[in-house]
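An overview of the molecular structure
One letter stands for each residue in the lines below.
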Amino acid sequence: MLDTLHTVPVVASSDLETDVHGTFARYRPAYPFVALDTGGYVILRHEDVSRLLLDPRLQATGTAIPAQAGMSEGALFDIFEQGMLTANADAHARRRSGLSRALAQQVSEEFRQHVRRSAAALIDAYRDGATLDLAADYAAKLPILALAGLLGVPEPDVPTFMQDIHAMDEFFRPHPTEQAVADAEQAARRLRNYLEDLVQAAENNPSEGFLSRYIRLSQEDDVTRLELLVQIVQLIIGGTESVRTGLVAQAVHLLSEPEQWQAVCEDLTLVPNAVAEGLRFEPGIAGVVRVSVEDIEIDGWVLPAGQLVLLSFMSALRDERVFERPHAFDISRSNLKLARLAFGGGAHRCVADALGRAELEEGPSALVERLPNLRLEGRPDFQGHMFVRKTTECRVSWQP
Ligand code: HEM
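Below or above, wherever it landed, is the structure these notes cover.

Parameters at a glance
- Residues numbered from 1 in each chain as written.
- Predicted model: local features only at pLDDT ≥ 70, side-chain atom pairs only at ≥ 80, totals over all residues.
- Heavy atoms only, no water.
- Helix = DSSP H or I, 4+ residues; strand = E, 2+ residues; numbered from the N terminus.
- Rg over C-alpha atoms; globule rule 2.2 N^0.38 Å.
- Buried < 20%, exposed > 50% of the residue type's maximum accessible area, 1.4 Å probe, protein only.
- Lys, Arg positive; Asp, Glu negative; His and termini not counted.
- Charge placed at Lys NZ, Arg CZ, Asp CG, Glu CD.
- Pairing = 2+ DSSP bridges.
- Donors = N, O, S within 2.8 Å, 3.2 Å for Na, K, Ca; no water.
- Expected span 1.5 Å × (residues − 1).
- Bend = angle between axes of the 7 residues up to and from the residue.
- Contact = heavy atoms within 4.5 Å.
- Salt bridge = Lys/Arg side-chain N within 4 Å of Asp/Glu carboxyl O.

**Description of the overall build of the protein**
When helices and strands are tallied, the protein shows 17 helices and 13 strands. Whereas a compact globule of 400 residues would reach a radius of gyration of roughly 21 Å, the protein reaches 21 Å, a difference of no more than 12%. The buried share of the protein, reckoned over its 400 residues, is 55%. The protein carries 38 positive and 57 negative side-chain charges, and their two centres are separated by 3 Å.

**Some words on the pairing of strand β9 (residues 308-312)**
For β9, the tally of buried residues reaches four of five residues, placing the bulk of the element in the interior. Relative to β9, strand β3 (residues 41-43) runs parallel, the two being bridged by three bridges. Bridge pairing in β9 links Ile43 to Leu311. Of the pairings in the sheet, the one linking strand β6 (residues 287-292) to β9 comprises five bridges and is antiparallel in character. By the bridge assignment, Gly287 is partnered in β9 with Ser312.

**As for the coordination of the iron atom of the ligand**
A metal bound by six donors in octahedral fashion has ideal angles of 90 or 180 degrees, whereas one bound by four tetrahedral donors has an ideal angle of 109.5 degrees. Protein coordination of the iron atom of the ligand is limited to a single donor, Cys350 (SG), which sits 2.4 Å from the metal. Positionally, Cys350 belongs in the loop between α16 (313-316) and α17 (353-370).

**Observations regarding the sheet that holds strand β5 (residues 131-133)**
Taken together, the three strands give an open sheet; going across it, the order is β5-β13-β10, and neighbouring strands pair in antiparallel fashion. Every other strand in the sheet has two partners, leaving β5 and β10 (375-376) as the edge strands with one partner each. Bridge analysis of β10 against strand β13 (residues 395-397) gives two bridges, and the strand direction is antiparallel. Residue pairing in the sheet places Arg375 in a bridge with Ser397 of β13.

**Comments concerning helix α6 (residues 89-104)**
Here α6 is 16 residues long and its end C-alpha atoms lie 21 Å apart, about the 22 Å a rise of 1.5 Å per residue gives. By the largest-angle criterion, Arg96 marks the main kink of α6, which is about 35°. Listed as buried for α6 are His92, Arg95, Arg96, Gly98, Leu99, Ala102 and Leu103. Structurally, α6 contributes buried residues whose contacts are with α5 (75-82), α9 (142-151), α12 (210-220), α13 (225-256) and α17.

**Side note on the pattern of salt bridges**
Pairing between side chains of opposite charge can happen when the charged atoms of each approach one another. In the structure shown here, the tally under the stated rule is 30 salt bridges. For Arg192, the salt bridge identified is with Asp78, shortest N-O distance 2.8 Å. Separated by 114 residues along the polypeptide, Arg192 in helix α11 (residues 178-204) and Asp78 in helix α5 bring together distant segments of the chain. Note on Arg192: relative accessible area 21%, which makes it partly exposed. You can call Asp78 buried: its relative accessible area is 13%. A salt bridge links Glu282 to Arg318; its shortest N-O distance comes to 3.7 Å. In this pair, Glu282 sits in the loop between α15 (271-281) and β6 while Arg318 sits in the loop between α16 and α17, placing the two residues 36 residues apart along the sequence. Of the two residues examined, Glu282 and Arg318, each falls in the buried class. Each of the salt bridges in this network shares a partner with another, and the network as a whole consists of Arg112, Arg116, Glu361 and Glu362.

If you want it as structure tokens, here you go:
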């Protein structure tokens, strides 16, 4: 006999804001999911999150989330209506296909070299000083420079490109103010117009670069012009916030464990382990939101149809059934492969995970090589437990 929904605890969002890892850890051993006082449910365990990512009874949310916020049009709304991330079935496959094939052909060594040069240049701009804010001065800029390289944004355009991306991304972070939403809408509009110019230039002068390849491949899939531009915008959204938080997380946790930082400084082949453990410990994307289209039974409890459901990577990646000492940062874990859940799964699995991984590997490598005596001056807060996360200032210092 199935238990009823009444037995599933309701968790206060304020508890998640104060101590998200502690709150999930309290419920995870006894319950596969909990309800949120703001509505919706959170799936807590690694096995269930991994399985439900593939379950057709959970669907992408379309325009439900902007509609809840009272939006029905505009450049931000189009991101939900025309983008792959929120689309299902055929529309999703059609929008994703060209982008995915163009990225698969991306010469990854060339991309890595570009990220490496950008990381070195960012550090060198501060090297004569003795301190920087790792979050704003480094981690927020590196992924945008990587995207500028990928898309072929000319050097003089990069500052405006960066400014508009920062403003647009505010909309997707936890708790944007009304002003931030209005600014994000303007920035998303400017960015789309700019991308239209970039696409036209690539059409007039085709090359072997990523953008020309993507334009060519998207024509095979009957992608409209608006869809094409929105998929590039989604590439930008997907490729900035996740990497930014990931870069801060791995640096902070390595620097907080001097033996592990030292081990990486002495042996750069440990960087991929540090990247995986960083993603496990504080994933850049907290989880993914879906809508249930049928009742779903999990271990005797019923998740009802018609609800928003958060598949929580933050919880799953600290599941004590899977990870020993889940709240310890340890780059020598034997099952770090399981941290790949941080890139999602199923049809929407990160379309650019290879690029993300390259950025997360090159970012700390540049720090280790150029500033080996780096010190953490204060730990940042990691905020957000639904989708994109953000960090506060992360001041580091070194002896010049
Ligand atoms: C640390 C790095 C990254 C992490 C942790 C990450 C994580 C994720 C996750 C969890 C999803 C699945 C979303 C869902 O199922 O709803 C996703 C999708 C996506 N990611 Fe990433 N990502 C990273 C880097 C990147 C980069 C560098 C780019 C672009 C250059 C990118 C672009 C995208 C796009 C466009 C999607 C949508 C795919 C689809 O809906 O089919 N991501 N990512």
